[in-house]
Amino acid sequence: MSVAYDSVLSTTAVISTVFQFLSGAVICRKYIQKKSTGDSSGVPFICGFLSCSFWLRYGVLTNEQSIVMVNIIGSTLFLIYTLVYYVFTVNKRAYVKQFAIVLGILIGVIVYTNTMQDEPQKMIHFTGIVCCIVTVCFFAAPLTSLVHVIRVKNSESLPLPLIATSFFVSLQWLIYGILISDSFIQIPNFLGCLLSLLQLGLFVLYPPRSYSYSGQGYKLLEQAVPF
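In the nomenclature of an unreviewed UniProt entry, the chain is known as Sugar transporter SWEET of Drosophila albomicans. Heading Sequence similarities (unreviewed entry) of the UniProt record for the chain holds this comment: "Belongs to the SWEET sugar transporter family."

This is the structure in structure tokens:
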């Protein structure tokens, strides 16, 4: 019964996470329509690729098929988003440098962990720590929005649907991490739940005076924290 519950939960978590990742497609569609990235940053795309790649590595090492599946899809999507951003940005050289740095970090960690093949548990532990650090750093992106909301006492700049979705997705993976007793899955998703609850609380404390979806594109991706 427990195994069946784990399977159902992991399947629904994978599906909801993939839908969350697809928020990047909305942003890229705007880039294609306008043939420009405007003043938005492509760093979240690069960070998404890095995070999904690390989690993919972790899933392979731990033989967690749900982690492998969701992050194969995630890393592929974020790589596509990165390429779309590159095509339409005017700062191509700077963007290539940013991606090269991230790729260097990814390759460096993989090469380093490969030296631990005689100690598989140590390899898993180190990779898990790296995954948590990268994911927690990605969580920092929406924090600037929270400071702005508190300062102006108005939550209209926050994307409510995506925040609610982020809470739901993080909660699913948190429960899954508890069921399989994996603290590296539990920790970042527990923090994800807390961040989402904090943002939802701001809607209660500082109700939006008006709510518009215009200009929300970049924030959609900030909420789609790669797992």
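### Topic: the overall build of the chain
When you go through the chain residue by residue, the secondary structure sums to ten helices and zero strands. When the elements of the chain are put in sequence order from the N terminus, they spell out α-α-α-α-α-α-α-α-α-α. For the chain, the residues scored as buried account for 47% of the 227 residues in total. Taking contacts inside the chain between residues at least 6 apart in sequence as the whole, the part at least 24 apart equals 80%. On the chain, roughly 11,500 Å² of surface is accessible, and the fraction owed to carbon and sulfur atoms is 70%.

### What to know about the packing of aromatic side chains
This structure, assessed with the given rule, holds twelve aromatic pairs. Considering the side-chain rings of Y31 and F45, the 6.4 Å spacing of their centres and the 85° angle between planes classify their relative orientation as edge-to-face. Linking Y31 in helix α2 (residues 23–34) with F45 in helix α3 (residues 43–62), this pair joins segments that are 14 residues apart in sequence. Take F45: its relative accessible area is 1%, and that puts it in the buried class.

### Brief notes about the UniProt feature "transmembrane region" (unreviewed entry) in the chain
Following the UniProt record, the feature "transmembrane region" (unreviewed entry) maps to residues 12–31, 43–61, 67–88, 95–112, 124–146, 158–179 and 185–206 here. In the segment residues 95–112, helix accounts for 100% and strand for 0%; the C-alpha atoms at its two ends are 26 Å apart. Counting secondary structure, residues 185–206 comes out at 95% helix and 0% strand; the distance between its end C-alpha atoms is 32 Å.

Reading the values: the criteria
- Residues numbered from 1 in each chain as written.
- Predicted model: local features only at pLDDT ≥ 70, side-chain atom pairs only at ≥ 80, totals over all residues.
- Heavy atoms only, no water.
- UniProt positions renumbered as here; feature names shortened; annotations may be inferred.
- Helix = DSSP H or I, 4+ residues; strand = E, 2+ residues; numbered from the N terminus.
- Buried < 20%, exposed > 50% of the residue type's maximum accessible area, 1.4 Å probe, protein only.
- Contact = heavy atoms within 4.5 Å.
- Areas by Shrake-Rupley, 256 points an atom, 1.4 Å probe, with all protein chains shown as cover.
- Phe/Tyr/Trp six-rings, centres within 6.5 Å; stacked < 30°, edge-to-face > 60°.

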